[in-house]
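# Tertiary structure, described
Each chain, letter by letter, is given below.
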Amino acid sequence: MTSRAILAGGCFWGVQDLIRKQPGIISTRVGYSGGDVPNATYRNHGTHAEAIEIEFDPAKISYRKILEFFFQIHDPTTVNRQGNDLGTSYRSAIFYLDEEQKAVAEDTIADVNASGLWPGKVVTEVSPAGPFWQAEPEHQDYLEKYPNGYTCHFIRPDWVLPRRAA
C-alpha cells in the first residue's frame, strides 16, 4: 500500500529532482496546489504554489523522513521566496491529506524551530490538501531532461534534524 504527500518548497523542478532519489519514493509529479484557479497551468495558476505530489512506500520511508528531507533542501524561513524566485508561487507549504499528516507536519516544524538549524522561524504554511493540478509535460522531470537547468535546491551536508526535548 502506498501513501501520498503534497509539498511546496519553491520552484518545483529542484524539489522533485532531489526527493525522487530518496529510498521509498515510488513516483513524483509537479503541479499546482493551494490556490484559487481551477485547471491551473504554468501561465495561469493564480495563488497556487508550485508543488510536488509524492507517492511513497511508508514501509520504506516515513512521512516524517520526507518532511525532514524537505526542510533540509529548501529554506523554510523565507516568505514567498526561494533563492531568486519571488512570489506566492514559491512559498513553502505542506498540504496535508489527513489529520495524522497534519500532526506530523506540526511536530516536525516545532523540531525545526527548536533545532536552530535555520537562522529564523519556519514560515511554512500547513493547510489541508485541495486539488492538485498537474503541470505541463515540459515541467515534469525537468532536471533529468536538462541536468544543468536552474535550481536553487540542494542537500545540506551533515544536516540532521534532532527531536526537541519533551
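These lines cover the structure that appears in this document, whether it is placed above or below. (Residues numbered from 1 in each chain as written. Predicted model: local features only at pLDDT ≥ 70, side-chain atom pairs only at ≥ 80, totals over all residues. Heavy atoms only, no water.)

## Quick notes on the pairing of strand S1 (residues 3–9)
Of all seven residues that make up S1, five are buried, and the element is covered over most of its length. The pairing of S1 with strand S3 (residues 49–56) spans five bridges and is classified as antiparallel. Across the sheet, the residue bridging to Ser-3 is Phe-56, located in S3. Bridge analysis of S1 against strand S6 (residues 92–96) gives four bridges, and the strand direction is antiparallel. Opposite Ala-8, over in S6, you have Ala-93 as the bridge partner. (Buried < 20%, exposed > 50% of the residue type's maximum accessible area, 1.4 Å probe, protein only. Helix = DSSP H or I, 4+ residues; strand = E, 2+ residues; numbered from the N terminus. Pairing = 2+ DSSP bridges.)

## Some remarks on the nonpolar core
Leu-7, Ile-19, Ile-54, Phe-56, Phe-71 and Ile-94 are the most contacted members of the largest nonpolar core, which totals 25 residues. If you list the elements that add at least two residues to this core, you get S1, helix H1 (12–19), S3, helix H2 (63–73) and helix H3 (99–115). It is H2 that provides the largest number of residues to this core, a total of seven residues. Setting aside chain neighbours within four positions, we find Leu-7 in contact with Ile-19, Ala-51, Ile-52, Ile-54, Ile-66, Leu-67, Phe-70, Ala-93 and Ile-94. (Core = buried A, V, L, I, M, F, W, Y, C linked by side-chain atoms within 4.5 Å. Contact = heavy atoms within 4.5 Å.)

## Describing the pattern of salt bridges
Here the structure, examined in full by the defined rule, presents 13 salt bridges. Its salt-bridge partner being Glu-144, residue Arg-20 comes within 2.7 Å of it at the nearest N-O pair. With Arg-20 in the loop between H1 and strand S2 (25–33) and Glu-144 in helix H4 (residues 142–145), the pair connects residues that are 124 residues apart, well separated along the chain. Note that Arg-64 and Glu-68 form a salt bridge whose closest N and O atoms lie 2.6 Å from each other. Taken together, the residues span about one helical turn, with Arg-64 and Glu-68 both in helix H2 at a distance of four residues. (Salt bridge = Lys/Arg side-chain N within 4 Å of Asp/Glu carboxyl O.)

## Regarding the packing of H2 against H3
Remark: H2 packs on H3, axes separated minimally by 10 Å, with the N-to-C direction vectors making an angle of 40°. Of the possible angle classes, the one that applies to H2 and H3 is oblique. For H2 against H3, the interelement crossing comes out right-handed. Contacts between H2 and H3 involve Tyr-63, Arg-64, Leu-67, Glu-68 and Phe-71 from the former and Gln-101, Val-104, Ala-105, Asp-107, Thr-108, Ile-109, Asp-111 and Val-112 from the latter. Class assignment of the residues belonging to the contact of H2 with H3 gives a composition of seven nonpolar, two polar and four charged. (Axes fitted to C-alpha atoms, helices over the stretch in contact; angles between N-to-C directions. Parallel < 35°, antiparallel > 145°, perpendicular 65-115°, else oblique. Left-handed = near helix turned anticlockwise from the far one by under 90°. Nonpolar A, V, L, I, M, F, W, Y, C, P; charged D, E, K, R; others polar.)

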